[in-house]
Amino acid sequence: MSGSTSVRPPTRPRAKRLRPLVAATSTAFLTAAMLTVAGGGAADAADTTAAGAAELVQNGGFESALSGWTCSAGSGVAVTTPVHAGTGALKATPAGSDNARCSQTVTVQPSSDYVISGWLRGSYVYLGATGTGTTDPSTWTGSAPDWTRLTTNFRTGPSTTSVTLYTHGWYGTGAYYADDLSLVGPGGTTQIPATPTGLAAGAPTATSVPLSWTAVPGATSYKVYRDGVLAQTVTGTNTTVTGLTQATAYSFQVSAANSAGESAKSAPVSVTTTGGGTQIPATPTGLAAGTPTTTTVPLSWTAVSGASGYNVYRDGVLAQSVTGTTATVTGLTAATAYGFQVSATNAAGESAKSAVLTVTTATDGGGGQLPPHALIGYLHASFANGSGYTKLADVPASWDVINLAFGEPTSVTSGDIRFNRCPVTECPGVESDADFKAAIRAKQAAGKKVLISIGGQNGQVQLSTTAARDKFVQSVGAIIDEYGLDGLDIDFEGHSLSLNTGDTDFKNPTTPVIVNLISAVKTLKAKYGSRFVLTMAPETFFVQLGYQYYGAGQWGGQDPRCGAYLPVIYALRDDLTLLHVQDYNSGSIMGLDNQYHSMGGADFHIAMTDMLLTGFPVAGKTENMFPALRPEQVAIGMPASTQAGNGWVSTTEVNKALDCLTKGTNCGSYQTHGVRPNLRGLMTWSINWDRFNNLEFSRNFDTYFRR
């Protein structure tokens, strides 16, 4: 708990993506190839082009935001500072496997000479073109803390009529900036056509809408959009959109296209199909449930033609009425089975109810036994340090969850966990076992939870075999039984958890130390039932860093511990009472704003906690989302004093973080993805260090939440 894991960009795979190599033997070659110009000189001569050359890039200065540009994975935004000239510039941020490529396709002439130039700012920023029909040019800057000019040139092939100009950054680096991007040379003979006018609808039917518009000179085709989504492409000036739903409003637009590109979309035309309401709709089908929580069940079903609304029933009783094909039923009880049905309605009446779908809500993981806002702390029970020994009976009533630190293994791979209380030679004044157990019962009688915490900085635990897994279950259960504890805190640090090469899907892990830990905890949960309290205290390296890097990576070479807690959290999410990531002893971590955040202020805690409450794509892959945790499952981990760990912040900064996350105020520059008034609370290392620091941390918590 008091240790640290250094966060640095893991080694990128060399076989697939090579970072530019700047070595003594190649410096001269690269300097010439880059053609980087800070204030004019030789490279300016390369800009001299034949008479009649034109600027072909649209909005190269980003004065019209990103108009004309496309950026991968939504990585680019227009900013007003810093800029090289004018009032706008491009800011693009690589994330995960995306290098923040922003591009524009322009029309050119065959067998002609062109010059690319632009002003860039950042590390490893590229400028180039593809589709030239000859050798595609590319140049880059190794490190440019201020605006640096890049330029290169190319000649088109004999049949080339368009090229794509691009700029991009590099994997794992920060944001880069680009401004005044230019492609100079003979312009193509084809221009992007004008926006179509005169879009009109004929008489709709229940399932189709006829459309027509005025022809645009130079257009070779037209794209028809329904509610903003491309529906069809045609060569004439009329079409009929089919496959629609009766009695439904749709919005249509049309654009013109040719080899130079596509025009802007026309003004929208709204049309409502006919029908509906004359007959009772059919019974809905396809009723399905999403992932239930302890109190809610999300439902969805297939739309029914002619329906204007739907009734959702819980155990035969109307729960709610909606107009769409989804609903979330709330106010449910944890670990309870419910029967859901849905019917369709319109002006003619209500259909029969669908077949019953039975869904059981999640168990509460013991969370229902905690106060709405809880304070969690670690008690030094097996060792002493400069904070001094604190008897369990003397722990102030402010603490709602007391984690006994630590249970440790007899060896790294044995799975045999022992809880050895601090000896009197190390902890003068330590209470007897009888008094210690009596204090546990007294705390529990007062509504507090007392857990055994396994691991810590020095307690490496690797359940690499099923024998170690089974021993873990037996030995941890023995500790819980001997002391009458409420549950388990998993504080695996260091090299306890890592992912084998090739284990890339956090939802289906294959690494034995991960699979065996999940199995062991589920066995303990099953043994002790729904009141078993399960908490985890991973470091940011093992959780939030997974937004950028996961395990050894697709090609190996990364630190295999990156994001290694994610499969454990995911598999145990329905059993998990609290996750309190250690927002300390951490390097800089990228947040959901694709900016790096560092310890020392409220911003770090806000950004790290928002990731848990919002969910995030693992290793930047949007198809592999780590789902959000419920706010009542999340507490923020902080050190109680400057002596407790790197990353201590004042109570003022603590309260700023709480204000932002629970009230939406005092957020600073980071914008959260929602307000969560039911955020569970705070965790700290440790109760002892808080006492050493005159109870500043716990008293501030009481003032904030319990005044």
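Residues numbered from 1 in each chain as written. Predicted model: local features only at pLDDT ≥ 70, side-chain atom pairs only at ≥ 80, totals over all residues. Heavy atoms only, no water.

Please set out the overall build of the chain residue by residue, giving values where relevant.
In terms of helices and strands, the chain carries ten helices and 39 strands. With the principal axes as the frame, the chain shows a C-alpha extent of 95 × 80 × 50 Å. Expressed as a percentage of its 707 residues, the buried residues of the chain come to 53%. Nonlocal contacts in the chain, meaning residues at least 24 apart in sequence, comprise 72% of its contacts between residues at least 6 apart. Element-wise, carbon and sulfur atoms account for 51% of the exposed surface of the chain, whose accessible area totals about 28,200 Å². Of the charged side chains in the chain, 43 are positive and 47 negative, and the gap between their average positions amounts to 4 Å. (Helix = DSSP H or I, 4+ residues; strand = E, 2+ residues; numbered from the N terminus. Buried < 20%, exposed > 50% of the residue type's maximum accessible area, 1.4 Å probe, protein only. Contact = heavy atoms within 4.5 Å. Areas by Shrake-Rupley, 256 points an atom, 1.4 Å probe, with all protein chains shown as cover. Lys, Arg positive; Asp, Glu negative; His and termini not counted. Charge placed at Lys NZ, Arg CZ, Asp CG, Glu CD.)

Quick rundown of the nonpolar core? Include the residues and the values.
Ranked by internal contacts, the top residues of the largest apolar core, which has 114 residues, are Leu404, Phe472 and Met536. Excluding anything up to four places from it in sequence, leucine 404 contacts Leu379, Ala381, Phe419, Phe436, Val450, Leu451, Ile452, Ser453 and Leu485. The next biggest cluster of nonpolar side chains, apart from the first, holds 25 residues, and it includes Leu90, Leu120, Val125 and Val163. (Core = buried A, V, L, I, M, F, W, Y, C linked by side-chain atoms within 4.5 Å.)

Could you give me a rundown of helix H5 (residues 512-528), with the residues and numbers involved?
With 17 residues, H5 extends 24 Å from end C-alpha to end C-alpha; this agrees with the ideal 24 Å at 1.5 Å per step. Among all positions of H5, only Val513, Ile514, Asn516, Leu517, Ile518, Ala520, Val521, Leu524 and Lys525 are buried. On its buried face, H5 sits against helix H4 (466-483), strand E31 (487-492), strand E32 (533-536) and helix H6 (566-571). A positive backbone phi angle near 85 degrees is found at glycine 529, which sits one or two residues after H5. (Expected span 1.5 Å × (residues − 1).)

Could you give me a rundown of the sheet that holds strand E20 (residues 297-300), with the residues and numbers involved?
One open sheet accounts for three strands, arranged E19-E20-E23; its pairing is antiparallel. Either end of the sheet is taken by a strand with one partner, and the two such strands are strand E19 (288-289) and strand E23 (326-329). For E19 and E20, the ladder comprises two bridges, and the chain directions are antiparallel. Bridging across to E20, alanine 288 finds its partner in serine 300. (Pairing = 2+ DSSP bridges.)

Let's hear about the state of the cysteines: which residues, and what values?
Overall, the coordinates contain three disulfides when judged by the stated rule. Residue cysteine 71 pairs covalently with cysteine 102 via a disulfide, S to S 2.1 Å. When the S-S torsion is 115 degrees, as for the bridge of cysteine 71 with cysteine 102, the disulfide is right-handed. Of the two residues, cysteine 71 sits in strand E3 (residues 70-71) while cysteine 102 sits in strand E6 (residues 102-107), which places them 31 residues apart along the sequence. Cysteine 71 sits in the buried class, given a relative accessible area of 15%. Overall, cysteine 102 belongs to the buried group, its relative accessible area being 0%. Shown here is the disulfide that connects cysteine 422 with cysteine 427, its sulfur atoms set 1.8 Å apart. A torsion of 75 degrees about the S-S bond marks the disulfide between cysteine 422 and cysteine 427 as right-handed. As far as burial versus exposure is concerned, cysteine 422 and cysteine 427 are alike and both buried. Looking at the chain, its bonded cysteines, counted consecutively from the start of the sequence, adopt the pairing 1-2, 3-4, 5-6. (Disulfide = S-S within 2.5 Å.)

I'd like a rundown of the pattern of salt bridges, residues and numbers included.
Counted by the stated rule, this structure contains 17 salt bridges. Put simply, arginine 418 and aspartate 416 hold a salt bridge, and the shortest N to O gap is 2.7 Å. The class of aspartate 416 is buried, set by a relative accessible area of 10%. In this structure, glutamate 431 engages arginine 421 in a salt bridge whose closest nitrogen and oxygen atoms are separated by 3.4 Å. In this pair, glutamate 431 is assigned in the loop between strand E29 (417-418) and helix H3 (433-445) and arginine 421 in the loop between E29 and H3, connecting sequence segments ten residues apart. Here glutamate 431 matches arginine 421 in class, with each residue buried. (Salt bridge = Lys/Arg side-chain N within 4 Å of Asp/Glu carboxyl O.)

So what about the sheet that holds strand E15 (residues 238-241)? Which residues, and what values?
Strand pairing in a sheet takes place through backbone hydrogen bonds and is either antiparallel or parallel in direction. The antiparallel open sheet is built from three strands, whose spatial order is E11-E12-E15. The open sheet has two edge strands with one neighbour each: strand E11 (200-201) and E15. In terms of strand pairing, E11 meets strand E12 (residues 209-212) through two bridges, oriented antiparallel. Across the sheet, residue alanine 200 finds its bridge partner in E12, namely serine 212.

Pulling in residues and values, what's your account of the packing of H4 against H5?
Between two packed helices, what matters for the description is the angle formed by their axes and the separation of those axes. For the pair H4 and H5, the least separation of the axes is 9 Å and the interaxial angle reads 35 degrees. Relative to H5, H4 is oriented so that their crossing is right-handed. Every residue of H5 that contacts H4 at Thr466, Arg469, Phe472, Val473, Val476, Gly477, Ile480 and Asp481 is listed here: Asn516, Ser519, Ala520, Thr523, Leu524, Lys527 and Tyr528. Residues that form the contact of H4 with H5 fall into these classes: seven nonpolar, five polar and three charged. (Axes fitted to C-alpha atoms, helices over the stretch in contact; angles between N-to-C directions. Left-handed = near helix turned anticlockwise from the far one by under 90°. Nonpolar A, V, L, I, M, F, W, Y, C, P; charged D, E, K, R; others polar.)

Before we move on, could you go through the side chain of serine 398 and cite the residues and values that matter?
Looking at the element boundaries, serine 398 is found in the loop between strand E27 (374-380) and strand E28 (401-409). Residue class for serine 398 comes out buried when judged on its relative accessible area of 13%. Of note is the side chain of serine 398, whose polar atom sits 2.5 Å from the side chain of aspartate 702. Once residues lying within four places of it in the same chain are set aside, the contact partners of serine 398 are Leu375, Ser698, Asp702 and Arg706. (Polar contact = N/O pair within 3.5 Å; in protein donor to acceptor, adjacent residues only side chain to side chain.)

Explain the confidence of the model for the chain to me, using residue names and the numbers behind them.
In this model, the chain carries an average pLDDT of 87, and 91% of its residues clear a pLDDT of 70 or more. When the criterion is pLDDT under 50, residues 2-51 qualifies, and its contacts beyond four places in sequence or with other chains add up to 85 contacts. (pLDDT = per-residue confidence, 0-100.)

Describe the environment of glycine 174, with residues and values.
Within the fold, glycine 174 resides in the loop between strand E9 (162-168) and strand E10 (176-185). Judged by its relative accessible area of 34%, glycine 174 is partly exposed. For the pair glycine 174 and valine 57, spaced 117 residues apart in sequence, the C-alpha separation works out to 26 Å.

Kindly report on the packing of helix H7 (residues 602-614) against helix H8 (residues 651-663), identifying the contributing residues and their values.
Contact pair H7 / H8: the axes reach a minimum separation of 8 Å and the direction vectors enclose 35 degrees. Here the hand of the crossing between H7 and H8 comes out right-handed. Facing H7, whose interface residues are Ala602, His605, Ile606, Thr609 and Asp610, H8 presents Glu653, Lys656, Ala657, Cys660 and Leu661. Of the residues contributing to the contact of H7 with H8, the split by class is five nonpolar, two polar and three charged.

Kindly report on the packing of aromatic side chains, identifying the contributing residues and their values.
All chains considered together, the criterion is met by 28 aromatic pairs. Relative to phenylalanine 532, the ring of tyrosine 528 lies with its centre 5.6 Å away and its plane at 15 degrees, an arrangement referred to as stacked. Assessed through its relative accessible area of 2%, phenylalanine 532 is described here as buried. Each member of the aromatic cluster is reached from another via a ring pair, and the members are Phe506, Tyr547, Tyr570, Phe616 and Phe626. Between the NZ or CZ atom of lysine 353 and the centre of the ring of tyrosine 313, over which it lies, the distance is 4.5 Å. Above the face of the phenylalanine 436 ring, arginine 421 is positioned so that its terminal group lies 4.2 Å from the ring centre. (Phe/Tyr/Trp six-rings, centres within 6.5 Å; stacked < 30°, edge-to-face > 60°. Lys NZ or Arg CZ within 6 Å of the ring centre and 35° of its normal.)

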